[in-house]
Amino acid sequence: MESRQYPPITFSDFWMRKMKTLFERYDANNDRVLTRDDFVLQAERLIQFGNLSDEKAKEIMSNRLGVWEGYISKSDKLAVGFQHFMSTAKETTNRLDTPQFAINSSRVLFDCIDTDGDGMISPKEHQAYFQCLGIDKELSVATFSQ
């Protein structure tokens, strides 16, 4: 078995708050559990706000469902509560392949936001992603104005 080349990541109060926020943002229908439907709703919002073509819409839907199936549910669970989400996040964070896993999951997220596929996230794409997660798009505007 490969040895870890970095110390295990600890789960500070700050990290826990950030993960709670992420859980709440992924919970698109606000029912306090994550389901496949939340990720379908995220994709539908991104498709609507981004005014995407049918081909790109299929890609976005596949991307969001891939996040649900590959990273969130990781089992046959139909619904994931906050405690299960945190348990999975902690397990994933300290995997031996965490650096490669982080690169792969970052690419998935980037591709979801970069809806025109030009390799850059524009202010419009960033705003659409914020809206799909139920975040005020003005917060996105502030990000690009600095």
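Structural data are supplied above this passage.
Here is what the cut-offs are and how they apply
Residues numbered from 1 in each chain as written. Predicted model: local features only at pLDDT ≥ 70, side-chain atom pairs only at ≥ 80, totals over all residues. Heavy atoms only, no water. Core = buried A, V, L, I, M, F, W, Y, C linked by side-chain atoms within 4.5 Å. Buried < 20%, exposed > 50% of the residue type's maximum accessible area, 1.4 Å probe, protein only. Helix = DSSP H or I, 4+ residues; strand = E, 2+ residues; numbered from the N terminus. Contact = heavy atoms within 4.5 Å. Salt bridge = Lys/Arg side-chain N within 4 Å of Asp/Glu carboxyl O. 1 Å grid on protein atoms, 1.4 Å probe; cavity = no way out; pocket = protein on both sides within 12 Å on 5 of 7 lines; lining within 4 Å. Points joined across faces, edges and corners; volume = space filled by probe spheres on them. Nonpolar A, V, L, I, M, F, W, Y, C, P; charged D, E, K, R; others polar. Expected span 1.5 Å × (residues − 1). Arc of directions from axis to C-beta. Phe/Tyr/Trp six-rings, centres within 6.5 Å; stacked < 30°, edge-to-face > 60°.

Caption draft 1: Molecular detail of the nonpolar core. Residues Tyr26, Leu34, Leu46, Ile60, Ile72, Phe85 and Tyr129 are the most contacted members of the largest nonpolar core, which totals 27 residues. When contributions to this core are tallied by element, the ones reaching two or more residues are α1 (13–26), α2 (36–50), α3 (54–73), α4 (82–93), α5 (98–113) and α6 (123–132). By residue number, the principal contributor to this core is α3, which donates five residues. Apart from the residues within four sequence positions on either side, Leu46 is in contact with Leu52, Ile60, Cys112, Thr115, Ala128, Tyr129 and Cys132.

Caption draft 2: View of the pattern of salt bridges. Within the structure shown, the criterion is met by two salt bridges. With a shortest N-O distance of 2.6 Å, Lys20 and Glu24 are connected by a salt bridge. Residue Lys20 and its partner Glu24 are located together in helix α1, separated by four residues, close to a single helical turn. For Lys56, the salt bridge identified is with Glu59, shortest N-O distance 2.7 Å. Taken together, the residues Lys56 and Glu59, both in helix α3 and three residues apart, mark about one turn of the helix.

Caption draft 3: Examining the layout of surface pockets more closely. Approximately 740 Å³ is the volume attributed to the largest pocket. As for the largest pocket, its lining consists of 27 residues, of which Met19, Leu22, Tyr26, Phe101 and Ser105 are closest to the centre. Elements supplying a minimum of two residues to the lining of the largest pocket: α1, α3, α4 and α5. The element that contributes the greatest number of residues to the lining of the largest pocket is α5, accounting for seven residues. Looking at side-chain class alone, the lining of the largest pocket contains 18 nonpolar, seven polar and two charged residues.

Caption draft 4: Just unusual backbone geometry, in detail. Not every positive phi belongs to a glycine, and Arg32 is a case in point at roughly 70°. With respect to the element layout, Arg32 can be found in the loop between α1 and β1 (34–35). Here Arg32 falls in the exposed class, since its relative accessible area comes to 71%. The phi dihedral of Asn51 falls on the positive side, at around 50°, and the residue is not glycine. Counting through the fold element by element, Asn51 comes out in the loop between α2 and α3.

Caption draft 5: α4, seen in detail. Its 12 residues give α4 an end-to-end C-alpha distance of 16 Å, which sits within 8% of 16 Å, the value for a rise of 1.5 Å per residue. When α4 is considered as a whole, its buried residues turn out to be Phe85, Met86, Thr88, Ala89, Thr92 and Thr93. The buried residues of α4 occupy an angular sector of 165° when the element is viewed end-on, so they sit on one face.

Caption draft 6: Quick look at the packing of aromatic side chains. Per the counting criterion, the structure on display carries five aromatic pairs. A centroid spacing of 4.7 Å and a plane angle of 55° characterise the contact between Phe11 and Trp15, whose relative ring orientation is tilted. Residue class for Trp15 comes out buried when judged on its relative accessible area of 17%. Between Phe23 and Phe82, the aromatic rings sit 5.4 Å apart at their centres with planes inclined by 80°, giving edge-to-face as the arrangement. Of this pair, Phe23 sits in helix α1 while Phe82 sits in helix α4, and the two are 59 residues apart along the sequence.

Caption draft 7: Up close: α2. Between its first and last C-alpha, α2 extends 21 Å over 15 residues, near the 21 Å set by a 1.5 Å rise per residue. Residues Asp38, Phe39, Val40, Gln42, Ala43, Leu46, Ile47 and Gly50 constitute the buried set of α2.

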